[in-house]
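# Fold and contact review
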Amino acid sequence: MASLSARGIYKRYPGGVTAVSDFTMNIKDKEFIVFVGPSGCGKSTTLRMIAGLEEISEGELFIGDRLVNDVAPKDRDIAMVFQNYALYPHMTVFDNMAFGLKLRKVPKDQIKKLVEEAAQILDISHLLDRKPKALSGGQRQRVALGRAIVRDPQVFLLDEPLSNLDAKLRAQMRTELSKLHKKLGTTFIYVTHDQTEAMTMGDRIVVMKDGYIQQIDSPINLYDSPCNKFVAGFIGSPQMNFVNAKLIMQDGKYAVEFGSDDSKNGRGRKFYVELPASKADNDSLKYYVDKEVIMGIRPENIHDEEMYLSAAKTGIIEADVDVTEMLGAETFLYITCEGIPLTARVSPRCTARPGDTIKLAIDANKVHLFDPSDEHALLS
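Residues numbered from 1 in each chain as written. Predicted model: local features only at pLDDT ≥ 70, side-chain atom pairs only at ≥ 80, totals over all residues. Heavy atoms only, no water.

### Brief notes about the overall build of the protein chain
Within the protein chain one finds ten helices and 21 strands. C-alpha atoms of the protein chain, sized along the principal axes, occupy 80 × 45 × 35 Å. Within the protein chain, buried positions represent 48% of all 380 residues. Partitioning the intrachain contacts of the protein chain with sequence separation of at least 6 by distance along the chain shows that 66% fall at a separation of at least 24. Surface exposure of the protein chain reaches about 18200 Å², of which carbon and sulfur atoms provide 48%. Here the protein chain carries 48 positive and 52 negative side-chain charges, and the mean point of each set is 7 Å from the other. (Helix = DSSP H or I, 4+ residues; strand = E, 2+ residues; numbered from the N terminus. Buried < 20%, exposed > 50% of the residue type's maximum accessible area, 1.4 Å probe, protein only. Contact = heavy atoms within 4.5 Å. Areas by Shrake-Rupley, 256 points an atom, 1.4 Å probe, with all protein chains shown as cover. Lys, Arg positive; Asp, Glu negative; His and termini not counted. Charge placed at Lys NZ, Arg CZ, Asp CG, Glu CD.)

### Regarding the nonpolar core
Core analysis: the largest hydrophobic core is formed by 46 residues, its most contacted members being Met97, Leu145, Leu158, Leu177, Tyr190 and Val207. Counting residues in each nonpolar core, the second largest holds 35 residues, with Leu247, Val273, Ile335 and Ile340 among its members. (Core = buried A, V, L, I, M, F, W, Y, C linked by side-chain atoms within 4.5 Å.)

### A look at the sheet that holds strand S20 (residues 368-370)
Strands sit in the order S13-S12-S11-S14-S20-S21 across an open sheet of six strands; the sheet is antiparallel. The open sheet has two edge strands, strand S13 (270-274) and strand S21 (377-379), and neither has a second partner. When strand polarity is set aside, the average angle formed by the axes of neighbouring strands in this sheet is 40°. Note: strand S14 (residues 291-297) against S20, three bridges, orientation antiparallel. Bridge pairing in S20 links Ile294 to Phe370. (Pairing = 2+ DSSP bridges. Axes fitted to C-alpha atoms, helices over the stretch in contact; angles between N-to-C directions.)

### Topic: the confidence of the model for the protein chain
Chain-level pLDDT for the protein chain is 92 on average; 98% of the residues reach the 70-or-more range. Element-level mean pLDDT values for the protein chain span from 85 in helix H9 (residues 277-280) up to 98 in strand S10 (residues 212-217). (pLDDT = per-residue confidence, 0-100.)

### Considering the packing of helix H2 (residues 93-103) against helix H3 (residues 108-122)
Between H2 and H3, the least distance of the axes is 10 Å, while the angle of their chain directions is 130°. Put simply, H2 runs oblique to H3. In this structure, H2 crosses over H3, and the sense of that crossing is right-handed. For the pair H2 and H3, contact is made by Phe94, Met97, Ala98, Leu101 and Lys102 and by Ile111, Lys112, Leu114, Val115, Ala118 and Ala119, respectively. Here the residues of the contact of H2 with H3 are counted per class, giving nine nonpolar, no polar and two charged. (Parallel < 35°, antiparallel > 145°, perpendicular 65-115°, else oblique. Left-handed = near helix turned anticlockwise from the far one by under 90°. Nonpolar A, V, L, I, M, F, W, Y, C, P; charged D, E, K, R; others polar.)

In structure tokens form, the structure reads like this:
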């Protein structure tokens, strides 16, 4: 098994295009790391540089204590699982899994032992005589994983391996991959654009945008303490609500003011969320008083229950309900407050319907603030 260290890695293409910039991080032995970000953010390019399928333009990559910049992919002791499975259609499952071992001239009895052990781990022992066209998408993905497992690599690289599966199977395979990681005790580096996969599987998550690392942290820290607006909006589903607001002092306390001054229809009004002492104890806030800020609040922190409305001294808003989505265990309300679109995740007992005007309470303890100019977090 092995740790991995990337030090100031860049990927530049002809014509001046830089796909990855200053990628630096240390991955511990046996860690499950997830690279996440929108399409074109550089996550797959970074994975391919680790695999040796893309040349590193600048920087150093170590697997264990070995510099591997100029080491061929086959000699890096890594195994890669691709999005499209990359199985040989004319070969049986057994032969697909055994192919790499045969190339290494591993003895036949050992190949049989390794393939059967991997098949048992993945619950595909009954499929070894079939060909890929006779398998479902989930079974094909297990075969691709099995082909990687038999090689017993130091590092597993997985490039969006579940994106071709349907939603139910994807959820099942997420669990299977997490179990597999614990069983094998190997370093996993996993690329996805799906933040649900990232949050449920990773020990740590690397959030990327435009080729740059935005934040590296545990799932819970990314969710609760995003370093900027991009991370805050990317992690979480439905995404965080963002409101253009102003930071003010009200009765000697910091408060966030937002809403509308347009009173020609008689409904223009301002709303206030007073920051609790735990959040107000921040020296940098004084520089933003009477200035524009961006307030962030997650949908589950906007409440319709009476217990929140009666307890809240500030942060109570009135909003028009545009759409309701009842999902059984919860309801999503898509609402408009003084022209500001918001999403609230509320109890399934909520009776609000499109066209209703309702009161909601914003949980001041869960408010995030961001600088409008560079979008870094002022508090979270």
